[in-house]
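Breakdown of the fold
The chain contents come next:
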Amino acid sequence: SHRSATYPAASARSDTGYQASVDTGVDSVTEDLAALVDACPTTDVVVLGFSQGAQVVHLALSPPGEVSAEVLDRIRAVVLVADPLRGLDDPAVTLPGWSGAPTSGGFADTPAAPRTDPALSGRVLSPCYTSDPVCHTDGRRFLGMLTHAFAYEWGPAEDRTAEWVSARLDVRP
């Protein structure tokens, strides 16, 4: 089964609409996960978000969120691609052996930013290229947006992310 969160994605430059959009997305993800696990209680769940969607998933799966322990138990993998809340003290792993960004958090990361639920430790992946200014504060402001928009669909990030998720599902890629 495939579900997509329903929310009006907004530009980060839109101060008035961005946070409201994120809040709506968090509610949608929380409700969709609960409904999925209720309808299919033995299913393996993979949750993926890109950019603002990664921030939405990050917040939905952070304490004191509304996602139940039963839902967290069904989640096999979480992929937060170019997460604006990416924090180095999060229980997320990076992809070894590629040009990822191990040294900086995302532009929206603050000391008060919530961290994904520790119960998900080892099941959260946070792909981020060093040049991407959304998930790496030292990223290149203008050219880095090309990385943000296009680089995750090809090459190491896509391949290694798929391998990482497959390993958590005990399925060979």
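None of the values given here were measured: they were computed from a predicted structure.

Turning our attention to a nonpolar patch on the surface. Together, L143, L146, F150 and W154 make up a nonpolar patch on the protein surface, roughly 480 Å² of accessible area in all. Inspection of the secondary structure assignment puts F150 in helix α4 (residues 144-150). You can call F150 partly exposed: its relative accessible area is 45%.

Right, let's talk about the state of the cysteines for a bit. The final tally for this structure, using the stated rule, is 1 disulfide. Across the disulfide from C128 sits C135; the S-S distance is 2.1 Å. Judged by the sign of its S-S torsion, about 90°, the cystine formed by C128 and C135 is right-handed. Note on accessibility: C128 and C135 belong to one class, buried.

The step from P63 to P64 runs through a cis peptide bond, and the omega angle for that step is 0°. With respect to the element layout, P64 can be found in the loop between α2 (52-60) and α3 (69-74). One non-glycine residue, A82, lies in the positive phi region at around 55°. Along the chain, the position of A82 falls in the loop between β2 (75-81) and β3 (124-125). Accessibility expressed as a relative area gives 0% for A82, which makes it buried.

Definitions and cut-offs
Residues numbered from 1 in each chain as written. Predicted model: local features only at pLDDT ≥ 70, side-chain atom pairs only at ≥ 80, totals over all residues. Heavy atoms only, no water. Patch = residues over 30% accessible without salt bridge, like charges linked within 9 Å, V, L, I, M, F, W, Y side chains within 5 Å. Areas by Shrake-Rupley, 256 points an atom, 1.4 Å probe, with all protein chains shown as cover. Salt bridge = Lys/Arg side-chain N within 4 Å of Asp/Glu carboxyl O. Helix = DSSP H or I, 4+ residues; strand = E, 2+ residues; numbered from the N terminus. Buried < 20%, exposed > 50% of the residue type's maximum accessible area, 1.4 Å probe, protein only. Disulfide = S-S within 2.5 Å.

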